[in-house]
Amino acid sequence: MRTCISAFLLFSCVAQFVTGQSRAPQLPPNEASEYINTVQQQTFKYFWDFAHPVSGLAPERNATPNVVTSGGSGFGIMAIVVGSYRGWISRTQAVDRMLKITRFLEKAERFHGAWSHWLDGSTGKAVPFSRYDDGGDLVETAYLINGLLVARSFFDQNTQAETELRTRINRLWETVEWDWYVHNGLLHWHWSTNHGWKMNHPIGGYNECFITYILAMGSPTHPITRQVYDDTWKKKESDHFINGKDYLGYKLPLGFDWGGPLFFAHYSYLSLDPRWMEDEHTNYWTLNVNQTMINRAHCIERAPNAYGYSERNWGLTASDDHLFYGAHQPTEDNGTISPTAALSSFPYTPYYSYQAMIYFYRTQGNRLFGELGFYDAYNAKENWYSNQYLAIDQGPIVIMIENYRSELIWKMGAKVKEMQNALLKMGIKRPNYPTGFYMYTPEVKSGMVHLMKHADEGRYIADFYVVGAEPVSLSLTHNKTNQTQMLADKKVYSSGAQQIRFDADYGDYTLVLAQGNKEIKLLVGLR
């Protein structure tokens, strides 16, 4: 059993994005930033170099280049935004590709505005996903629309090409008939011209489909009601909506026992910053961090030793495996590690995700890393390594690493007024955090969190929250030498989220925040 210090720090914005600043600042490289940039850029190539030549959309997987995926292409669109921001492609190239994509989507087969899960990359005709699933897929459509709305936010210049792009995106967005997919009072996943409601799959929670409701309620033309949201998402599958149990010391507010596959914490939060989402059931940041930590703790403490898991080798989510495909999770674990699980968790567990990335890249090497990033999965016990890339697994790696680096896609989502209004309609509001270290969940066994230097800035960043106008002091004391460094001495901060940047030697410390008669302590390991 391992007792490593755990950590989660979403290091906020190195590259502040404002209208007109469409490129990441050029900062001096360091080892961490170079590794992260290499992995992120190589993975981006799946959506750029390997995109379908006619549609510009993302193939489902590299073995089926003519079958493109609607949801994975939504992830790919957000990856194109990242590619433009990072300078891997020019803004003009990105807009040209987006115009190709939107023009194709306008002509592609639709089912009351929704696209099918799979399409023919040349013709836009639906490709059946299963016997009765040959029509509209509302969840995959939501992933696609989410990407398009992020692109609408990013490509905001008043050029002819970008104005045309935004117009086309609005037309696609406004013609999705979300309300038509309400059947018998419940929002349904599928509808087919040939088979009608045969799939009979109401979209109950909690799982990866949350973004579907945010878009369905935010639609300017075909919104669903709050009643449909409550009756379907919260009540239809109530046996795995409210949870509230502890798993290895981490409380899970919502979802399946042991949290389910990790893509639950990724797909709906690519453009939604969960730090600022809370309702009567959960704080969504806590939910996602705790699911990630449960998943990792299971790998280290609970899984069979024969699987070869460790603090560097962790991450269970849906992916290919030696038996074909599985929804890998703590309750369905056959020894398959999917790199997207840990790497798409960078905002939640940056140090642990970086450890996993280095292990996958340097220890597993070219058995696991290729020209389009990490292959989908591997199983050390079975000596099996995938030779496939999947769009739905590659995309979140690019996007969530960028949210760790700059919060770019979260910022673009914050600019989508329809989504922000939908959150309010759903009863999801900004949390009222108390003064303190609001982003950290200490590792259960050690009581500590682990902080790494921000990969781009090369400095430690501590996130904290301030309520009221009383001055705040922050100090850092080494646990062995008792030497103390004052990071802030009776400084007045505005109420809200704050950060402080600092330098210190590696080691174990106590970080203290004092305001008035309150003193909040956090044990931290600086690595």
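Below is a summary of the structure that appears in this document. Note that the structure is a prediction, hence the values are computed from the model and not measured.

About the thresholds
Residues numbered from 1 in each chain as written. Predicted model: local features only at pLDDT ≥ 70, side-chain atom pairs only at ≥ 80, totals over all residues. Heavy atoms only, no water. Helix = DSSP H or I, 4+ residues; strand = E, 2+ residues; numbered from the N terminus. Rg over C-alpha atoms; globule rule 2.2 N^0.38 Å. Buried < 20%, exposed > 50% of the residue type's maximum accessible area, 1.4 Å probe, protein only. Contact = heavy atoms within 4.5 Å. Areas by Shrake-Rupley, 256 points an atom, 1.4 Å probe, with all protein chains shown as cover. Lys, Arg positive; Asp, Glu negative; His and termini not counted. Charge placed at Lys NZ, Arg CZ, Asp CG, Glu CD. Salt bridge = Lys/Arg side-chain N within 4 Å of Asp/Glu carboxyl O. Core = buried A, V, L, I, M, F, W, Y, C linked by side-chain atoms within 4.5 Å. Axes fitted to C-alpha atoms, helices over the stretch in contact; angles between N-to-C directions. Parallel < 35°, antiparallel > 145°, perpendicular 65-115°, else oblique. Left-handed = near helix turned anticlockwise from the far one by under 90°. Nonpolar A, V, L, I, M, F, W, Y, C, P; charged D, E, K, R; others polar. Pairing = 2+ DSSP bridges. Polar contact = N/O pair within 3.5 Å; in protein donor to acceptor, adjacent residues only side chain to side chain. Arc of directions from axis to C-beta.

Re the overall build of the chain
Helix and strand content of the chain: 13 helices and 22 strands. Over its C-alpha trace the chain gives a radius of gyration of 22 Å, about what one expects of a compact globule, namely 24 Å for 527 residues. Here the chain holds 527 residues, and 63% of them are scored as buried. Across the chain, the fraction of contacts at a sequence separation of at least 24, relative to all contacts at a separation of at least 6, is 70%. For the chain, the exposed surface amounts to about 19,200 Å²; the carbon and sulfur share of it is 48%. Each charge sign in the chain was given a centre, from 48 positive and 52 negative side chains, and these centres are 4 Å apart.

Brief notes about the pattern of salt bridges
In the structure shown here, the tally under the stated rule is 23 salt bridges. With a closest N to O distance of 2.7 Å, Glu106 and Arg171 form a salt bridge. Of the two residues, Glu106 sits in helix 3 (residues 91-107) while Arg171 sits in helix 5 (residues 160-174), which places them 65 residues apart along the sequence. Note that Lys235 and Asp231 form a salt bridge whose closest N and O atoms lie 3.6 Å from each other.

Here's the deal with the environment of Leu368
Within the element layout of this structure, Leu368 appears in the loop between helix 10 (350-364) and strand 12 (369-370). According to the relative accessible area criterion, Leu368 is buried, its value standing at 0%. Along the primary structure Leu368 and Tyr385 are separated by 17 residues, whereas in three dimensions their C-alpha atoms are 6.9 Å apart. The contact partners of Leu368, leaving out residues within four places of it in the chain, are Pro339, Phe360, Gly373, Phe374, Tyr375, Ala377, Tyr378 and Tyr385.

What to know about the nonpolar core
Residues Trp178, Phe210 and Met357 are the most contacted members of the largest nonpolar core, which totals 145 residues. Ranked by residue count, the leading element in this core is helix 4 (residues 138-154), at 11 residues. Beyond its immediate stretch of four places on either side in the chain, Met357 contacts Tyr35, Ile36, Val39, Leu343, Phe346 and Phe374. If you look at the next biggest cluster of nonpolar residues, it comprises 23 residues, including Leu451, Phe464, Val466 and Leu522.

Observations regarding helix 6 (residues 210-218)
Each full turn of the α-helix corresponds to 3.6 residues, which orients residues three or four apart in the same direction. Of all the nine residues making up helix 6, nine are buried; the element is thus mostly covered by neighbouring parts of the structure. Inspection of helix 6 places Phe210, Ile211, Thr212, Tyr213, Ile214, Leu215, Ala216, Met217 and Gly218 among the buried residues, and these make up the whole buried set. In this fold, the buried residues of helix 6 make contact with helix 4, helix 5, strand 6 (186-187), helix 7 (226-234), helix 8 (284-302) and helix 13 (417-425).

Focus on the packing of helix 3 against helix 4
Packing of helix 3 against helix 4 leaves a shortest axis separation of 12 Å and a crossing angle of 140°. As far as their axial angle goes, helix 4 and helix 3 are oblique. The chirality of how helix 3 crosses helix 4 is left-handed. Of helix 4, the residues touching helix 3 (which contributes Arg91, Met98, Thr102 and Leu105) are Leu144, Leu148, Ala151 and Phe154. Here the residues of the contact of helix 3 with helix 4 sort into six nonpolar, one polar and one charged.

Thoughts on the pairing of strand 10 (residues 318-321)
As judged from the four bridges shared by strand 10 and strand 11 (residues 324-327), these two strands associate in the antiparallel manner. Along strand 11, the bridge assignment pairs Asp321 with Phe324.

Some points on the environment of Asn313
In this fold, Asn313 is placed in the loop between helix 8 and strand 10. Each C-alpha atom, one on Asn313 and one on Trp115, is 37 Å from the other, the two residues being 198 residues apart in sequence. Setting aside residues no more than four positions away along its own chain, Asn313 makes contact with Gly308, Ile337, Tyr359, Phe360 and Tyr378. In terms of polar contacts, Asn313 uses its side chain to reach the side chain of Tyr378, at 2.7 Å.

Focus on the side chain of Lys234
One can find Lys234 in helix 7. Exposure remark for Lys234: the relative accessible area of 10% places this residue in the buried category. Among the polar contacts made by the side chain of Lys234, one reaches the side chain of Glu280 at a distance of 3.1 Å. The contacts of Lys234, once residues within four sequence positions are left out, are Arg226, Tyr229, Phe241, Glu280 and His281.

Re the sheet that holds strand 2 (residues 118-120)
Strand order in the open sheet made by the three strands is 1-2-3, with antiparallel pairing throughout. Each having just a single partner strand, strand 1 (67-69) and strand 3 (126-127) make up the two edges of the open sheet. With three bridges connecting them, strand 1 and strand 2 associate as antiparallel partners. The residue bridging Thr69 from the neighbouring strand is Trp118, located in strand 2. The sheet strands contacting helix 2 (residues 70-86) are strand 1 and strand 2, and the helix crosses strand 1 at an angle near 65°.

Here's the deal with helix 13
Among the residues making up helix 13, those that are buried are Glu418, Met419, Ala422 and Leu423. For helix 13, the arc enclosing every buried residue in end-on projection is 140°, short of the 170-degree limit, so these residues lie on one face. Turned more than 90 degrees away from the buried face of helix 13 sit Lys417 and Leu424, all of them exposed. In this structure, the buried residues of helix 13 make contact with helix 4, helix 5 and helix 6. Immediately downstream of helix 13, the backbone of Gly427 shows phi near 80°, a positive value.

Side note on the sheet that holds strand 18 (residues 472-478)
Hydrogen bonds between backbone groups are what pair the strands of a sheet, and the pairing can be parallel or antiparallel. Pairing within the open sheet is mixed, and its five strands lie in the order 16-22-21-18-19. Whereas interior strands pair on both sides, the edge strands pair on one side only; in this sheet they are strand 16 (448-451) and strand 19 (484-491). Taken pair by pair, the neighbouring strands of this sheet meet at an average axis angle of 25°, ignoring direction. Of the strand pairs in this sheet, strand 21 (residues 507-515) and strand 22 (residues 518-526) are connected by nine bridges, and their pairing is antiparallel.

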